[in-house]
Amino acid sequence: MNRLSQILEETSVKVGIKASSKKRVFEQASLLFESKCGVARDKVFNSLFSREKLGSTGLGNEIAIPHGRINDIDQAFSVVMSLAEPVAFDANDEKPVLLLVFLLVPINAEQSHLDILSDVAEMLSDVTFVSGLKKSEDAKSLYQKLRNWTSVDTKIY
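Residues numbered from 1 in each chain as written. Predicted model: local features only at pLDDT ≥ 70, side-chain atom pairs only at ≥ 80, totals over all residues. Heavy atoms only, no water.

Draft legend 1. Representation of the side chain of D119 in the model. Inspection of the secondary structure assignment puts D119 in helix α4 (residues 110-124). Buried D119, no salt bridge; nearest opposite-charge side chain is R3, N-O distance 4.3 Å. In this view, D119 contacts N2, R3, L4 and W149; residues no more than four positions away in its chain are not counted. (Helix = DSSP H or I, 4+ residues; strand = E, 2+ residues; numbered from the N terminus. Buried < 20%, exposed > 50% of the residue type's maximum accessible area, 1.4 Å probe, protein only. Lys, Arg positive; Asp, Glu negative; His and termini not counted. Salt bridge = Lys/Arg side-chain N within 4 Å of Asp/Glu carboxyl O. Contact = heavy atoms within 4.5 Å.)

Okay, structure coming up:
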């Protein structure tokens with residue numbers, strides 16, 4: 001089981017989200033986090049956007065991993081969004097973003113935060129896997145693909 005699947009609920013995966021900008025995407029993610037972890041959406045938004053101001057979390061290949069740390073939670077949470085249309089995100093390859101894996105972790109969970117980010121980054125560096133994610137037509141299939149991903153380091157041959 002990968003680290004993302006341990007913190008991602010099926011109801012936190014959304015497909016076909018309509019948003020006109022990075023800010024609007026962050027607002028929608030903040031609403032989902034508010035319902036999942038009980039932290040006010042403006043506090044979540046500020047955490048995510050403050051991190052984004054330090055540098056874009058757009059990885060390239062139309063994907064991003066926006067993440068933030070917050071002191072009002074005691075465990076990590078994730079929200080995954082596949083957008084109806086890509087939005088500008090200041091990614092290194094200058095392509096807009098279509099798929100976002102949001103992470104929200106406790107402020108004092110430095111190592112687990114890095115472990116989750118590392119796992120997600122490895123997952124999203126697999127071009128074939130990401131291509132399959134982008135083709136997901138509904139939240140259930142996107143969730144299953146994310147849940148079933150296994151690191152190359154842990155695969156048994």
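There's more to say after this.
Draft legend 2. Quick peek at the environment of A121. As for its placement among the helices and strands, A121 is situated in helix α4. Owing to a relative accessible area of 32%, A121 belongs among the partly exposed residues under this scheme. C-alpha separation for the pair A121 and A64, spaced 57 residues apart in sequence, amounts to 9.3 Å.

Draft legend 3. Up close: helix α5 (residues 127-134). Within the span of α5, buried status applies to F129, V130 and L133. The buried residues of α5 occupy one face: seen down the axis, they fall within an arc of 95 degrees. Among the exposed residues of α5, those oriented more than 90 degrees off its buried face are V127 and T128. (Arc of directions from axis to C-beta.)

Draft legend 4. Summary view of the nonpolar core. Ranked by internal contacts, the top residues of the largest apolar core, which has 26 residues, are V25, F33, M81, L100 and F102. Breaking this core down by element, the ones donating at least two residues are α2 (22-37), α3 (41-54), β5 (77-87) and β6 (97-106). If you tally residues by element for this core, the top one is α2, at six residues. V25 has contacts with A19, M81, L83, V87, L100 and F102, leaving out every residue within four places of it along the chain. V105, M123, L124 and L142 belong to the second largest nonpolar core, which has 24 residues in total. (Core = buried A, V, L, I, M, F, W, Y, C linked by side-chain atoms within 4.5 Å.)

In short, the description is geometric, and any link to function would need to be established separately.
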